[in-house]
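Structural description and commentary
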Amino acid sequence: MSALIPRPPSVIAPGAVHVPGWLTLAQQRRLVEACRGWAGSPVPMRNTALPRGGVMSVQTVCIGWHWQPYRYTRTAGDVNGERVAPFPDWMVDLGRRAVLAAYRDEAAAGEYSPDTALINFYDERATLGMHQDKDERAGDPVVSLSIGDSCVFRVGNTATRTRPYTDIELESGDLFVFGGPSRYIYHGVPRVRAGTGDPATGLPRGRLNITMRVTGLTDTDR
Ligand code: MD6
Ligand code: FE
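These lines cover the structure that appears in this document, whether it is placed above or below.

Using the criterion set out here, one finds nine salt bridges in the structure. A salt bridge links E124 to R125; the nearest nitrogen and oxygen atoms lie 3.9 Å apart. A residue is classified by how much of its surface remains accessible, and R125, at 65% relative accessible area, is exposed. The residue R213 makes a salt bridge to E136 at a minimum N-O spacing of 2.9 Å. Of the two residues, R213 sits in strand β14 (residues 207-213) while E136 sits in the loop between β8 (128-131) and β9 (142-148), which places them 77 residues apart along the sequence. When sorted by exposure, R213 lands in the same class as E136, which is buried. What you see here is one network of salt bridges that share partners, running through D133, E136, R183 and R213.

Below you can see the structure in the form of structure tokens.
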């Protein structure tokens, strides 16, 4: 797919850069394998409970820090109380290469030190409502990697969760970086295109999305 119709990198809004087909198939397979491990232990992947009752349709597991609406902790108090898996050095490197690919800025890439990732799994019915990523105390970019089924990714604005927004397709292997003036834009996933993923990634169905972030937290201010 990716080789037939090349999709060039594009700046969707200032600081919001989409790099189609950034991950090789081999990298996608390794990420799927790593995520499969994290989805089982020490904290199982689950549908996150929302504060007003109800659960998210997306399933999530975190590494580095555990996110629950709307804070980060080291342990998963709303799941099984275990400390989350450490954020691996190889993923810090991957995050730096992602920032470099998106911004072509060596300094920004070198300074980037993500310490948490949310790993989201979407079945064919899962959606993610328009939201801002604002539970971090640092303004560093968010790096997003997609594997498996493609989806509609809605890139909005910083002021409202409604229009104006731009809908783009995120396909397997795509990189999306949100930073600078776009760090706090509303965004969401209104639909997943079931059956569009290549099982050669190791993901037979569904969509996997990994978002790396810098929490700005230390163990003294949990
Ligand atoms: C997703 N992603 O793509 C959900 N957040 O499944 C996000 O919520 C997201 O992709 C911040 C930056 C990039 C993202
Ligand atoms: Fe987000």
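For β14, a buried count of seven out of seven residues is recorded, marking the element as mostly surrounded by other parts of the structure. Residues R207, N209, T211 and R213 point to one face of β14 and L208, I210 and M212 to the other, with burial holding for every one of them. Judged from the seven bridges that link them, strand β7 (residues 116-122) and β14 form a sheet pairing that is antiparallel. The partner of A117 across the bridge, within β14, is M212. Alignment of β9 against β14, held across six bridges, turns out to be antiparallel. Paired with G148 across the strands is R207, a residue of β14.

On to the site of ligand 1, then. Close contacts around ligand 1 come from 13 residues, with Y122, D133, S144, H187 and R207 the closest. Side-chain polar atom of H131 to an oxygen atom of ligand 1: 3.1 Å apart, as the coordinates give it. Note that a nitrogen atom of ligand 1 is positioned 2.7 Å from one of the side-chain N or O atoms of H187. Within the complex, 99% of the 340 Å² of free accessible area of ligand 1 lies under protein. Counting residues per element, the shell around ligand 1 draws most heavily on β14, which supplies three residues.

With 15 residues, helix α2 (residues 89-103) should cover 21 Å at 1.5 Å per step; its first-to-last C-alpha distance of 21 Å lies within 8% of that length. Among all positions in α2, only M91, V92, L94, G95, A98, V99, A101 and A102 are buried. Where α2 terminates, the next one or two residues include R104, which has phi positive at roughly 55°.

Next up on the list: the coordination of the iron ion (ligand 2). Coordination of the iron ion (ligand 2) by the protein involves H131 (NE2), D133 (OD), D133 (OD) and H187 (NE2), with metal-donor separations of 2.1 to 2.8 Å. Metal-centred angles of 50 to 167° between the six donor atoms at the iron ion (ligand 2) mark the site as irregular. Each donor residue of the iron ion (ligand 2) belongs to the same chain, with the gaps between them written as H-x1-D-x53-H. Of the two residues, H131 sits in strand β8 while H187 sits in strand β13 (residues 187-193), which places them 56 residues apart along the sequence.

Conventions used here
Residues numbered from 1 in each chain as written. Chains lettered and ligands numbered in written order. Predicted model: local features only at pLDDT ≥ 70, side-chain atom pairs only at ≥ 80, totals over all residues. Heavy atoms only, no water. Salt bridge = Lys/Arg side-chain N within 4 Å of Asp/Glu carboxyl O. Buried < 20%, exposed > 50% of the residue type's maximum accessible area, 1.4 Å probe, protein only. Helix = DSSP H or I, 4+ residues; strand = E, 2+ residues; numbered from the N terminus. Pairing = 2+ DSSP bridges. Near = heavy atom within 4 Å. Polar contact = N/O pair within 3.5 Å; in protein donor to acceptor, adjacent residues only side chain to side chain. Areas by Shrake-Rupley, 256 points an atom, 1.4 Å probe, with all protein chains shown as cover. Expected span 1.5 Å × (residues − 1). Donors = N, O, S within 2.8 Å, 3.2 Å for Na, K, Ca; no water. Tetrahedral: all angles 85-135°; square planar, octahedral: opposite > 155°, others 65-115°.

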